[in-house]
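Coordinate inspection notes
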Amino acid sequence: MASLMEDEVFRSFAKYAAIVTVKLLLMGPLTAYYRITRKAFANPEDAAAHSSKPEEKKQLVRTNEDVERARRCHQNDLESIVPFVLVGLLYALTGPDPSWALLHFRVFVCSRLVHTVAYMMALPQPSRGLSWAVGFMTTLSMAHTVIHSVVFH
Amino acid sequence: MASLMEDEVFRSFAKYAAIVTVKLLLMGPLTAYYRITRKAFANPEDAAAHSSKPEEKKQLVRTNEDVERARRCHQNDLESIVPFVLVGLLYALTGPDPSWALLHFRVFVCSRLVHTVAYMMALPQPSRGLSWAVGFMTTLSMAHTVIHSVVFH
Amino acid sequence: MASLMEDEVFRSFAKYAAIVTVKLLLMGPLTAYYRITRKAFANPEDAAAHSSKPEEKKQLVRTNEDVERARRCHQNDLESIVPFVLVGLLYALTGPDPSWALLHFRVFVCSRLVHTVAYMMALPQPSRGLSWAVGFMTTLSMAHTVIHSVVFH
């Protein structure tokens, strides 16, 4: 049963996949932090919980640029990190070279950390675009290995 | 091949992961139901299929609060349930204690059912926030076990 | 270690899952293409990188219907393809009939290709709705097999 976890590449994958998925999950509390400090809520019942004046409740259902930025960063994480974990799992099972696999996992995780910093701090482009592209290419490279491995072996 | 499915923890994981992913999938038809009954569509071609008067078609491309609420609930499911399944799969492979693992899976699935009811019925906070937090902590606990298991064993 | 990849059904799953996840990933560059050609950006720093006139930068942070259509298609992919890969992985481990499993994988991938064409070309309904429903039923069928397999065996 634990045989997958005895494999060096699969263990590395599990560690980096868990780390980068936790990073994705933390975007939820970050968005909530901005919603509460900026008093910008998506639902009337949320605004009601953060306002004592009845007339103020409707006004707090509004958008805020800090909240929207965190939401866009979260969405990009969903679009990038979830495919990485899905493809990476299959990639780890193709028996890749351990050091080459580790390079893929580490480059991806680094690219997403840089991407989050570039997004949340609104750093000038192409910082965010490049960090996104590095992660994108890493996942494509792993997908290529999976498809090649199934078709040609 | 079927050896993973002979493992007690992995079988439990497979069952609960399938159930909670079906719950996520059902948010699609629910949103479609609200779009059709509230006549609020995202695309002109959808509005055209639900309107016989040409002048009405443009007006039906609009937002509706019931539709938007279902979409926000669906989005929160994507942000919570997908990480649970990804991390839970790796967690099930670390060989955890079966009853402890089962508790994680059951608590998570219950938390998401309560979250959906709280969201769609607009129950007063902190009902939705607490149900979200329980699911969040469950996934973090499994991610901690995965990382700990890889790093220290 | 490579034993999963020696299984016929799992190999098929890996191939189709990788193909359809790459299709999901490609929606990112497609959205970026529309943002750049339509000059409609989500962030001020993106607009600044595509405009030489300072007064123009603020105006380029705007929505565009082509961009929004690509984003809706991307979102539907996230909501459909990710559950397919998650459920399909568990399904492949239940030891299904190979030709029946292959039918599920191929029908799903085809349904999503048709869905993307129908969405991006704004084909009249019910073309997009039907292609979505076929993929949806395929994933539900696999989820049913997973749950049935765990509960009754």
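Residues numbered from 1 in each chain as written. Chains lettered and ligands numbered in written order. Predicted model: local features only at pLDDT ≥ 70, side-chain atom pairs only at ≥ 80, totals over all residues. Heavy atoms only, no water.

1. Brief notes about the nonpolar core
As a rule of thumb, nonpolar side chains are buried together in soluble globular proteins. Basically, it comes down to this: As used here, the term nonpolar core means buried Ala, Val, Leu, Ile, Met, Phe, Trp, Tyr and Cys residues forming a set that is joined through side-chain atoms within 4.5 Å. Each residue gets one of three labels from its accessible area relative to the maximum for its type: buried under 20%, exposed over 50%, partly exposed in between, using a 1.4 Å probe on protein chains only.
A:Phe10, A:Phe105, B:Phe10, B:Phe105, C:Phe10 and C:Phe105 are the most contacted members of the largest nonpolar core, which totals 96 residues. Core analysis: the second largest hydrophobic core is formed by eight residues, C:Met27, C:Ala70, C:Cys73 and C:Met120 among them.

2. Quick word on helix H5 (residues 65-92) of chain C
All names here are of chain C. Defined as follows: Numbering of helices and strands runs from the N terminus, with a helix taken as a DSSP run of H or I at least four residues long and a strand as a DSSP run of E at least two residues long. Helix span is expected to be 1.5 Å times the residue number reduced by one. Whenever two N or O atoms come within 3.5 Å, that pair is a polar contact, provided that in protein one can donate a hydrogen and the other can accept it, and provided that, for residues adjacent in sequence, both atoms are side-chain atoms.
When the terminal C-alpha atoms of H5 are compared, their 39 Å separation across 28 residues agrees well with the 40 Å that a helix rising 1.5 Å per residue should span. The buried count for H5 comes to 25 of 28 residues, which makes it a mostly enclosed element. The N-terminus of H5 is capped by Asn64, whose side-chain oxygen sits 2.8 Å from the backbone nitrogen of Asp66.

3. Description of the relation of the copies chain C and chain B
Inclusion rule: Fitting of the copies onto one another was done by least squares over C-alpha atoms, counting residues only where both copies have pLDDT of at least 70.
The operation relating chain C to chain B is a screw motion whose rotation component is 120 degrees, with 0.0 Å of axial translation and a residual RMSD of 0.0 Å. Both chain copies can therefore be described as sitting about a three-fold axis.

4. Points about the packing of helix H1 (residues 8-25) of chain C against helix H6 (residues 98-120) of chain C
Residues and elements named next belong to chain C. This is how the line gets drawn: Axis lines are fitted to C-alpha atoms, over the contacting stretch for helices. Their N-to-C directions set the angle, which ranges from 0 to 180 degrees. Small angles under 35 degrees read as roughly parallel and large ones over 145 as roughly antiparallel, with 65 to 115 read as roughly perpendicular and the rest as oblique. Two residues qualify as a contact provided that any one of their heavy atoms is within 4.5 Å of a heavy atom in the partner residue. Under the convention adopted here, Pro, Cys and the residues Ala, Val, Leu, Ile, Met, Phe, Trp and Tyr are nonpolar, Asp, Glu, Lys and Arg are charged, and Gly plus all remaining residues are polar.
It is at 9 Å that the axes of H1 and H6 come closest, and there the two elements cross at 5 degrees. Regarding the angle of H1 to H6, the classification is roughly parallel. Listed contacts from H6 to Glu8, Val9, Ser12, Phe13, Tyr16, Ile19, Val20 and Lys23 of H1 are Pro98, Ala101, Leu102, Phe105, Arg106, Phe108, Val109, Arg112, Leu113 and Thr116. Among the residues making up the contact of H1 with H6, the classes are represented as twelve nonpolar, two polar and four charged.

5. Some points on the interface of chain C and chain B
What counts here: A pair is scored as a salt bridge if a Lys or Arg side-chain nitrogen falls within 4 Å of a carboxyl oxygen belonging to Asp or Glu.
Between chain C and chain B, the residue contacts involve 33 residues of the former and 31 residues of the latter. Between C:Arg128 and B:Glu45 there is a salt bridge, with its nearest N and O atoms 3.6 Å apart. The tally of links from chain C across to chain B stands at eight residue pairs in polar contact (both at pLDDT 80 or more). For the side of chain C that touches chain B, the elements supplying multiple residues, two or more each, are H5 and helix H7 (127-152) of chain C. No other element matches the twelve residues that H5(C) contributes to the side of chain C that touches chain B. Residue classes in the side of chain C that touches chain B are distributed as 22 nonpolar, six polar and five charged.

6. Quick notes on the interface of chain B and chain A
Counted only if it meets this: By definition, the buried area sums, over both parts, the 1.4 Å-probe accessible area that each loses when the two are put together.
With 33 residues of chain B at the interface, the matching set in chain A holds 31 residues. Carbon and sulfur atoms supply 75% of the area buried between chain B and chain A, which totals about 2,600 Å² over both sides. Taken together, the connections running from chain B to chain A amount to three salt bridges. Between B:Arg69 and A:Glu45 there is a salt bridge, with its nearest N and O atoms 2.8 Å apart. For the pair chain B and chain A, the number of links is eight residue pairs in polar contact (both at pLDDT 80 or more). Breaking the side of chain B that touches chain A down by element, the ones donating at least two residues are helix H5 (65-92) and helix H7 (127-152) of chain B. In the side of chain B that touches chain A, the residues fall into 22 nonpolar, six polar and five charged.

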